[in-house]
Amino acid sequence: MKINKILLSIIGMALCCGFALAQSPTIQPEDLIGSWEIEGTLMGDNGTGWLNPHKHASEDCKDHTVFMEGNKAKEVKNNGACEASEREFSWQLEGDSLTLTMGERSIVWHVLSIEGNTMKVGVQLRADSEHRMYVVYKKAA
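The structure contained in this document is the topic of the report that follows. This structure is a prediction, so every number in the text was calculated from the model and none was measured.

About the thresholds
- Residues numbered from 1 in each chain as written.
- Predicted model: local features only at pLDDT ≥ 70, side-chain atom pairs only at ≥ 80, totals over all residues.
- Heavy atoms only, no water.
- Helix = DSSP H or I, 4+ residues; strand = E, 2+ residues; numbered from the N terminus.
- Buried < 20%, exposed > 50% of the residue type's maximum accessible area, 1.4 Å probe, protein only.
- Contact = heavy atoms within 4.5 Å.
- Areas by Shrake-Rupley, 256 points an atom, 1.4 Å probe, with all protein chains shown as cover.
- Disulfide = S-S within 2.5 Å.
- Phe/Tyr/Trp six-rings, centres within 6.5 Å; stacked < 30°, edge-to-face > 60°.
- Core = buried A, V, L, I, M, F, W, Y, C linked by side-chain atoms within 4.5 Å.

Digging into the overall build of the protein
- Across its full length, the protein holds two helices and nine strands.
- Buried residues in the protein amount to 26% of all 141 residues.
- Across the protein, every contact between residues at least 6 apart in sequence was considered, and the portion connecting residues at least 24 apart equals 36%.
- Accessible area for the protein stands at about 9800 Å²; split by element, carbon and sulfur atoms hold 54% of it.

Structure below.
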């Protein structure tokens, strides 16, 4: 009887751990490639809560980030007349840490998830802070 309980516990733990692993798949660099429009900021804890929409200068030309092969990227911001300003940077993905580097300055995003055409990333508010602000991006068609 005791052996059955131990076996059930082991099987339960294995299933639980397997389910947890299935919930957080490894993010691959090719998952990032493409154009990602900023949708807004999640107003909650740890990547949850309601979405506070990003105010684009124009709905015809939305602010976005483009991740390209070769670890190159650019941030594109548009004004009301759809005139774009671009800032180029490089990126490096290690696990769920995405490091964005422009010149001597780097920032690390925590990629919470990429599901379908939605990406959630956490950005530290301060370098010494454990808290993150979570931003939602939608992959452009």
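Next, the rest of the story.
What about the state of the cysteines?
- In this structure the tally under the stated criterion is one disulfide.
- Two residues, C61 and C82, share a disulfide whose sulfurs are 1.9 Å apart. In this structure, the disulfide formed by C61 and C82 twists by about -90 degrees around the S-S bond and is classed as left-handed. You can see C61 sitting in the loop between β2 (50-53) and β3 (64-68) and its partner C82 sitting in the loop between β4 (72-78) and β5 (84-94), a full 21 residues away along the chain.
- Among the residues examined, C61 registers a relative accessible area of 13% and is labelled buried.
- Here C82 falls in the partly exposed class, since its relative accessible area comes to 33%.

What about the packing of aromatic side chains?
- This structure, assessed with the given rule, holds three aromatic pairs.
- Aromatic side chains F67 and F89 sit 6.4 Å apart centroid to centroid with 85 degrees between the ring planes, which places their arrangement in the edge-to-face category. In this pair, F67 is assigned in strand β3 and F89 in strand β5, connecting sequence segments 22 residues apart. Across this residue pair, the class does not change: F67 and F89 are buried.
- Seen in terms of ring centroids, F67 and W91 are 5.9 Å apart; in terms of plane orientation they differ by 90 degrees. Their pairing is edge-to-face. Here F67, found in strand β3, pairs with W91, found in strand β5; they are 24 residues apart in sequence, far enough to count as distant. For the residue pair F67 and W91, the accessibility class agrees, reading buried in each case.
- Taken together, F67, F89 and W91 form an aromatic cluster joined through their ring pairs.

A look at the environment of N117
- You can see N117 is positioned in the loop between β7 (105-115) and β8 (118-124).
- For N117, a relative accessible area of 36% puts it in the partly exposed group.
- When residues no more than four places from it in sequence are discounted, the contact partners of N117 are W36, Y137, K138 and K139.

Here's the deal with the side chain of H64
- Inspection of the secondary structure puts H64 in strand β3.
- Aside from chain neighbours lying at most four places away, what touches H64 is S35, W36, E37, K74, E75 and V76.

Topic: the nonpolar core
- Ranked by size, the top nonpolar core spans 18 residues in total, and within it F67, W91, L98, W109, M119 and Y137 carry the most contacts.
- Here W91 is in contact with P29, L32, I33, F67, M68, N71, K72, A73, L98, T99 and L100, once residues within four sequence places are set aside.

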